[in-house]
Amino acid sequence: MRLKAILSVCLLALSTVLYADELIQIRTDRIGLVLRAEKDGRLYQSYIGKRLNNDSDLQNLPKGTEAYLTHGMEDYLEPALEVRHNDANASLLLKYVSHTIQNIEPDVDETVITLRDDQYPVTVKLHYVTYAKENIIKTFSEISHEEKKPIKLERYASAMLHFSNSAYYLTEYSGDWIYEATMSSTPLNFGKKVLDSKLGTRANMFTPPMFIFLLDKEASENEGEVILGTLGWTGNFRFTFEVDNKKDLRVIAGINPYYSEYALPKGEVFRTPDFYFTYSDCGEGQASRNFHDWARKYQLKDGEKDRLTLLNNWESTYFDFDENKLVDLMGDAVKLGVDMFLLDDGWFGNKHPRHSDTQGLGDWEETHDKLPNGIQRLVDEAAKKNIKFGIWIEPEMVNPKSELYEKHKDWVIHLPNREEYYFRNQMVLDLSNPEVQDFVFGVVDGLMTKYPGIAYFKWDCNSPITNIYSPYLKDKQTHLYVDYVRGLYNVLERIKAKYPDLPMMLCSGGSGRIDYEALKYFTEFWASDDTDPVQRLFIQYGYSFFYPAKSMSAHVTTWNKDASIKFRTDVAMRGKLGFDIKLSDLSGDDLTYCQNAVKNYKRLRPAIMEGDLYRLVSPYSGPHAANQFVTKDKNKALVFAFDVYPAYGEKCLPVRLEGLDAEKQYRVEEINMMPGQSSSLEGNGMVYSGDYLMKVGLTLFTGNKLHSRIIEIQTE
Ligand code: GLA
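It should be emphasised that the depicted structure is a prediction, and the values quoted were computed from it without experimental measurement.

*Asks:* Sorry, what's going on with the sheet that holds strand β34 (residues 665-671) here?
*Replies:* Paired through their backbone hydrogen bonds, the strands of a sheet run either parallel or antiparallel. Within the open sheet, the six strands sit side by side as β31-β32-β33-β36-β34-β35. Their pairing is antiparallel. The outermost strands of the open sheet, each flanked by one partner alone, are β31 (612-617) and β35 (687-689). Averaged over all pairs of adjacent strands, the angle between strand axes in this sheet comes to 25 degrees, irrespective of strand direction. Direction of pairing for β34 relative to β35: antiparallel, over a ladder of three bridges. In the sheet register, Q665 faces β35, and the bridge partner there is S689.

*Asks:* Whenever I open this one, the confidence of the model for the protein chain confuses me. Can you help?
*Replies:* Any residue range with low pLDDT should be treated as having predicted coordinates unsuitable for detailed reading. Mean pLDDT for the protein chain: 96, with 97% of residues reaching 70 or above. Here residues 5-17 is modelled with pLDDT under 50, and outside its nearest four sequence neighbours on either side it reaches zero contacts, counting other chains as well.

*Asks:* In this structure, what is going on with the environment of W294? I would like to understand it.
*Replies:* Looking at the element boundaries, W294 is found in helix α2 (residues 284-299). Put simply, W294 and E134 are 160 residues apart on the chain and 5.6 Å apart in space, counted from C-alpha to C-alpha. Setting aside chain neighbours within four positions, we find W294 in contact with Y131, E134, I136, Y276, Q299 and Y516.

*Asks:* I tried to follow the sheet that holds strand β4 (residues 65-66) on my own but got confused; where do I start?
*Replies:* Taken together, the four strands give an open sheet; going across it, the order is β1-β2-β3-β4, and neighbouring strands pair in antiparallel fashion. Each edge of the open sheet is held by one strand with a lone partner, namely β1 (22-27) and β4.

*Asks:* I would appreciate a short explanation of the packing of helix α10 (residues 565-572) against helix α11 (residues 588-610) in the present structure.
*Replies:* When two helices pack together, their arrangement is given by the angle between their axes and by how far apart the axes lie. Two elements in contact, α10 and α11, have axes whose closest approach is 10 Å; the angle formed by their N-to-C orientations is 15 degrees. In this view, α10 runs roughly parallel relative to α11, as classed from their interaxial angle. Crossing geometry of α10 relative to α11 is assigned as right-handed. Within the contact between the two elements, α10 uses I565, K566, T569 and D570 and α11 uses D590, Y593, C594 and A597. Tallied by class, the residues present in the contact of α10 with α11 amount to four nonpolar, one polar and three charged.

*Asks:* Just checking my understanding: could you explain the site of the ligand for this structure?
*Replies:* Lining the immediate surroundings of the ligand are 13 residues, of which D344, D345, K458, D460 and D529 lie closest. The contact in question runs from an oxygen atom of the ligand to an N or O atom on the side chain of D345, over 2.6 Å. Taking K458, its side chain carries an N or O atom lying 2.8 Å from an oxygen atom of the ligand. By residue class, the composition of the shell around the ligand is four nonpolar, three polar and six charged.

*Asks:* Mind showing me how you'd approach the side chain of S141 here?
*Replies:* Structurally, the position occupied by S141 is in strand β9 (residues 136-145). Only 2.9 Å separates the side chain of S141 from the side chain of Y68, close enough to count as a polar contact. For S141, the contacting residues outside a window of four places in its chain are Y68, V124, K125, L126, A157, S158, F270, R271 and T272.

*Asks:* Is there a simple way to explain the pattern of salt bridges in this structure?
*Replies:* Scanning the entire structure with this criterion turns up 53 salt bridges. Salt-bridge contacts for R84 lead to E154; the nearest nitrogen and oxygen are separated by 2.6 Å. Of this pair, R84 sits in strand β5 (residues 81-84) while E154 sits in strand β10 (residues 151-163); the two residues are 70 residues apart in sequence, bridging distant segments of the chain. Classification of R84 by relative accessible area gives partly exposed; the value is 31%. Classification of E154 as buried rests on a relative accessible area of 18%. Here E712 ties to R603 by a salt bridge, and the two come within 2.8 Å at their closest N and O atoms. Linking E712 in strand β36 (residues 707-715) with R603 in helix α11, this pair joins segments that are 109 residues apart in sequence.

*Asks:* I would appreciate a short explanation of the nonpolar core in the present structure.
*Replies:* Most often, soluble globular proteins keep nonpolar side chains buried together rather than apart. Of all hydrophobic cores here, the largest spans 197 residues; its most connected members are W347, I375, F389 and W459. Judged by nonpolar contacts, the second largest core, of 21 residues, contains V639, A641, L657 and L660.

*Asks:* Can you help me understand a nonpolar patch on the surface in this one?
*Replies:* Among the surface-exposed residues, Y258, Y259 and I468 lie close enough to one another that they form a single nonpolar patch of about 270 Å² accessible area. With respect to the element layout, I468 can be found in the loop between β26 (454-459) and α8 (480-498).

*Asks:* Please explain the packing of aromatic side chains as it appears in this structure.
*Replies:* For any pair of aromatic rings, the description consists of the separation of the ring centres together with the inter-plane angle of the planes. This structure, assessed with the given rule, holds 42 aromatic pairs. Ring geometry for F629 and F640: centres 5.9 Å apart, planes at 85 degrees, overall edge-to-face. Here F629, found in strand β32 (residues 624-630), pairs with F640, found in strand β33 (residues 636-643); they are eleven residues apart in sequence, far enough to count as distant. There is no split in this pair, since F629 and F640 are both buried. Members of the aromatic cluster, each reached through a chain of ring pairs, are Y131, Y173, Y276, F291, W294, Y298, Y516, F525, Y543, F546 and Y547. The positively charged end of K458 is found above the aromatic ring belonging to W526, 5.8 Å away from the centroid. In this arrangement the basic side chain of R615 is found over the ring face of F545, its NZ or CZ atom lying 3.5 Å from the centre.

*Asks:* When you look at the pairing of β10 in this model, what are you seeing that I'm missing?
*Replies:* The side chains of a regular strand alternate, first on one face of the sheet and then on the other. Most of β10 is tucked away: eleven of the 13 residues are buried. Both β5 and β10 contribute to a ladder of four bridges, which runs antiparallel. Paired with V83 across the two strands is L153, which belongs to β10. Of the pairings in the sheet, the one linking β10 to strand β18 (residues 262-264) comprises three bridges and is antiparallel in character. Bridge assignment links K152 to a residue of β18, and that residue is A263.

*Asks:* What exactly am I supposed to notice about the packing of helix α4 (residues 323-336) against helix α5 (residues 374-384) here?
*Replies:* The interhelical angle for the contact between α4 and α5, taken along N-to-C directions, is 20 degrees, at an axis separation of 10 Å. As summarised for this structure, α4 and α5 are arranged roughly parallel, according to the angle between their axes. Regarding α4 and α5, the two cross each other, and that crossing is right-handed. Side by side, α4 and α5 meet where E323, N324, L326, V327 and M330 of the first sit next to R377, L378, E381 and A382 of the second. Residues belonging to the contact of α4 with α5 are distributed by class as follows: five nonpolar, one polar and three charged.

About the cut-offs
- Residues numbered from 1 in each chain as written.
- Predicted model: local features only at pLDDT ≥ 70, side-chain atom pairs only at ≥ 80, totals over all residues.
- Heavy atoms only, no water.
- Pairing = 2+ DSSP bridges.
- Helix = DSSP H or I, 4+ residues; strand = E, 2+ residues; numbered from the N terminus.
- Axes fitted to C-alpha atoms, helices over the stretch in contact; angles between N-to-C directions.
- pLDDT = per-residue confidence, 0-100.
- Contact = heavy atoms within 4.5 Å.
- Parallel < 35°, antiparallel > 145°, perpendicular 65-115°, else oblique.
- Left-handed = near helix turned anticlockwise from the far one by under 90°.
- Nonpolar A, V, L, I, M, F, W, Y, C, P; charged D, E, K, R; others polar.
- Near = heavy atom within 4 Å.
- Polar contact = N/O pair within 3.5 Å; in protein donor to acceptor, adjacent residues only side chain to side chain.
- Salt bridge = Lys/Arg side-chain N within 4 Å of Asp/Glu carboxyl O.
- Buried < 20%, exposed > 50% of the residue type's maximum accessible area, 1.4 Å probe, protein only.
- Core = buried A, V, L, I, M, F, W, Y, C linked by side-chain atoms within 4.5 Å.
- Patch = residues over 30% accessible without salt bridge, like charges linked within 9 Å, V, L, I, M, F, W, Y side chains within 5 Å.
- Areas by Shrake-Rupley, 256 points an atom, 1.4 Å probe, with all protein chains shown as cover.
- Phe/Tyr/Trp six-rings, centres within 6.5 Å; stacked < 30°, edge-to-face > 60°.
- Lys NZ or Arg CZ within 6 Å of the ring centre and 35° of its normal.

Below, the structure is given as C-alpha cells:
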C-alpha cells in the first residue's frame, strides 16, 4: 500500500515535469500559429495570424482554446476527435508528450506534436508542415492505440483552428453539374454552418472542399485578413464553422464522419487527409497567389512543367465517330497548331458497344466496327502528323449493360437485396477491394502496354456512389467511403510510379471531383462541361482562388453562339487552352484567328502558366470582368478584359493594373485580334511607366456586348 502511495507521488512529480509549459511556433515567412502546452498538460492554440516578430512576445499571448478538442470532456461544442474505447467509454483527454521540428527540404519544416491520453493508451500526433516562402501550412493527424481490440473512430478531423475576432464572413462554393464553383458570402453568427459532401466518388458535384474565410470585416482582393482553406481528400469531406456563446469561432476540417465510423486495430495508424491553408493580411489576391506558387512547386503533378494544348472530339462527334472521322479531326488539330488530339468517350465495348452512355462502360476494348485497326492506327496517325494522342477512360465505373457487370457483379458497389438505381445509367466499382484496384490500374496499364504511344489520359468519373453496400467489406460497411478513396490513391500511386511522365486530366462530369490530393496525380482538371464563355468567366474565377491557370482545362466550343470565336477563345486562354469544335464550322477568318491564338498562347505561356494572377475586376461585380498575369520578373503582363452585357451609355473608367514594377517602362499593345481588326484601345502602342499603369490604369472596357480584349504589356 505504502509502495503504491510512493509510486503515485513519483508519477505525479514526473507528470509535472512532463507537462512543463512549452511554446510551439509553427511559422512561415508571414504566418504564425502558436501552440502552447500548458502546465495542465493540455495543448492550446494561443495565436493565429500575421507572424509575430519577437519571440519574447510569445510568452504574453493569452492561453487560447484547446487546440484539438476531443469528445467527452468539458467542451460543449463540436469536437475534432471522437473515439469509442473497448469498454464503450467514449471520452478522450489528450495531453502533451513531446514535439519535434524537422527541416524536411529547403524552406519546408515539419512540426509533430505527440499527445496521449493518461487513462487509455491512445496517441494522437498532430503534424504541421510549413512552406515558408509560399506561406502555406499543411496539417494532418495520426491516431493510434494499444487497446486490445479495435477502437472505433467516430470523427477524426485533419485540422481544428480557433479564431477570436469581432466578425467572421464565409465565402462558400456551391453548384451542380454545369454550375460549378458558384461563390456566395455570408456572415457567420452563432451556431454551426456545415459544408459537406456525401457523394463518395463524384464528391464535389454540389460543393468542392475549399472555403474563403474573412476576419473582422469583408475582405477584397488587396485588403483585409483572409484565410483560404482546402482539404486534400477525393471523397466525402466536411467543414464545420461554429460560432460559440463567446463569439469565438472554430473551424473543423476533415473527412465527413457521416456513415464512416472506422474500426482501428491496435498498432495501426489512422492518418487523416491533409488540410492546407494560407493566411493573408492584404486580401484574397495574395492568398490565391500563395496557393498557386505552392501548388506549382509542391503539389500539382508536373507543377513546374508545361501543358499540352489539344483538340478534343467530344462535342463535335459525341458517340458518333469512326476511325476515318477521327483521323480527319487529327488533321484539324494539326491545322489549329495544337499539341495533341484527345479521343473522348465512345471508343470501346463489343458485346455492348458504347454507342451512348447506356452501355459498354467497363469493357475497355476498342469497338471493332468503329476502330477496325484499333487504337494503334490512331497512335500511328498522330505520330505521322507529329501530334500527340490522348484518350478518355472512366475506369472506376460500370454500366449494368456490360460484360464486366455480367462477369463481376461482386466488384460492383450494390445492395444485394434491393433493386438497383442508376446515375447516368452506371454504377461504381468497389475500389475498397484490392482485386478491383488491380483491374482499374490494369485499364491504364493495359492500354499503355499495348499502345505505348498514348501520351495522355482524361480520367472521368460520372457517378456518385449509389446503392451503398460493398460486397467486399462485409461487416465493415462504414469503412466504404474511406477505403474507396484509399483504394483510388493506391491505383493512382501505382500509375504514377510506373508512368511518371504521363499527363492526365481529372474529370468528373465537369469538376465534380477536385482537390489537391488528387492533383498530385493529375496535371489538370476539367473545370466544367459548361463551356459557355460567360458562365466560364464565373467558374474559372471561382476556381482561380485556389488553382493556378495551368491546372484548369478550358476548351473553346460552340456553346453560346452569340459570343464570337474570339470571345470564347479569349476566355479559354486564361486557363489551359483546348478546342472542342469542328473546323468546318468556322469561317476562314475564324480559323485564322484561332491559329494565331494558339501561337499567342504558346508564346505567352510563361505569363499565363507561371505568372502571378491579379483578379482586377470580378465577373460578380457587374457586366465586365478582367484579370492580369504578370511574369515573376515583372517584364511582361497580360490583361484579359471582357464586356459581357454592359448598360447602354455606360461610362467606362480606367482600371488600375497591378503587380508591375513602378520603375519600369512598358509598351501596351492589344493582341489576339480578328484578322483585319484594329484596336480601339486608348493608348494602344504607347509606352507607360509601371507607376502610371498602376495608379491611373487603362480603359479596358467598352460598351459593346460580348466583347473581349487581350493586352500585352512588355518592358521596353
Ligand atoms: C463527362 C465529361 C465530358 C465527356 C463525357 C463523356 O460528362 O465531363 O467532358 O467526357 O463525360 O461521356
